[in-house]
Amino acid sequence: MNNTQRSSTLRVSRQPWFGVVIALVIIAAVIAGSFGLKAFGDSRTDSSASSIRGAAESEANLPVNIDLVNSSSVTVVVDVTNVKREDWGYPAPDSEAPNGLRGAWIDPGQSVSVTLSIDNMNTRHAPFNLSTTPIAGSSSGGAITFYSQMNLGEAQSSPGSPSFWSWPTRERPAEVTKAGCSPVWSEPAGNYVLRDGRQGSITATATCRGVGDTTTIITFTDAKS
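Residues numbered from 1 in each chain as written. Predicted model: local features only at pLDDT ≥ 70, side-chain atom pairs only at ≥ 80, totals over all residues. Heavy atoms only, no water.

Enquirer: Which residues make up the environment of Gly 197, and what values do they have?
Expert: Within the element layout of this structure, Gly 197 appears in the loop between β8 (185-193) and β9 (199-209). A relative accessible area of 46% means that Gly 197 is categorised as partly exposed. Along the chain, Gly 197 and Ser 225 lie 28 residues apart, while their C-alpha atoms are 9.4 Å from each other. (Helix = DSSP H or I, 4+ residues; strand = E, 2+ residues; numbered from the N terminus. Buried < 20%, exposed > 50% of the residue type's maximum accessible area, 1.4 Å probe, protein only.)

Structure follows, in structure tokens:
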């Protein structure tokens, strides 16, 4: 066999193998592209699902309405401690004022209103401590523990629309009015001594109003001796 025939034979024998290699490369590229598109689609789906879940969780947050009213003759400053982070969204009780209650100064005749956000619908109480300090002469503060809990009466009267309220007792009292509110609650919330020697005491009184979105109202009054 001469050189020309040998070269022709090599070309003929190599061409089928070359075609197979090209075909395999093309198939591999197609498969890789398919996996790449799937991965992109999966990541996009995961991202979308996370966004949807986040939106759903945000919408699931339930409001807790609290009004602090200073009907005393001195300024009252409040702070918040012992918040269970897993129970709350934003704002939480210890969020900075004016969105939350932490660090709020309430002058005589003024009030503070906040709408807090319960994030855990399975919670039983979601407690937090509200400390109160009168700003007058030498002062000593007090503390009130609030228990935010589902208002069962309202939930039953408005199926599908549960609400939370805050009250300074762990269990809902038996004497609940038709409006969904408990009897008036009242406790000492601080003391102060004025420069002229007169002493004063702050009292916090809790009332509530509304059906559906119950508002807890804490009113500070004082008495001097």
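Enquirer: Can you explain the pairing of β8? Please cite residues and give values.
Expert: As paired elements, strand β6 (residues 138-150) and β8 share four bridges and run antiparallel to each other. Within β8, the position partnered with Ser 140 by the bridge is Asn 191. By the bridge criterion, eight bridges tie β8 to β9 in an arrangement that is antiparallel. Paired with Pro 188 across the two strands is Thr 203, which belongs to β9. (Pairing = 2+ DSSP bridges.)

Enquirer: Outline unusual backbone geometry, supporting the account with residue identities and numerical values.
Expert: The phi torsion of most residues other than glycine is negative, and most of the peptide bonds are trans. Cis geometry marks the peptide bond from Tyr 90 to Pro 91, where omega comes out at 0°. Looking at where Pro 91 falls in the secondary structure, it is placed in the loop between β2 (75-81) and β3 (105-106). In this structure, the amide linkage connecting Ala 97 to the following residue, Pro 98, adopts the cis form with an omega of 15°. Structurally, Pro 98 is set in the loop between β2 and β3. Here the phi dihedral of Asn 82 falls at roughly 55°; this positive angle occurs in a residue that is not glycine. Along the chain, Asn 82 falls in the loop between β2 and β3. Of note in this structure, Ala 126 is not a glycine but carries a positive phi near 50°. Relative to the helices and strands, Ala 126 resides in the loop between β4 (111-118) and β5 (127-135). With a relative accessible area of 1%, Ala 126 lands in the buried category.

Enquirer: A description of the pattern of salt bridges should follow, citing residues and the corresponding values.
Expert: The final tally for this structure, using the stated rule, is five salt bridges. Residue Arg 102 pairs with Glu 96 through a salt bridge whose shortest N-O separation is 3.0 Å. When the shortest N-O distance is used, the salt bridge between Arg 198 and Asp 196 registers 3.0 Å. Among the residues examined, Arg 198 registers a relative accessible area of 39% and is labelled partly exposed. Among the residues examined, Asp 196 registers a relative accessible area of 52% and is labelled exposed. (Salt bridge = Lys/Arg side-chain N within 4 Å of Asp/Glu carboxyl O.)

Enquirer: Give a description of the pairing of β6 that names residues and reports values.
Expert: Judged from the six bridges that link them, β5 and β6 form a sheet pairing that is antiparallel. Bridge pairing in β6 links Asn 129 to Thr 145. The pairing of β6 with strand β7 (residues 164-167) spans four bridges and is antiparallel. Each residue of the ladder has a partner; that of Ser 148, found in β7, is Ser 166.

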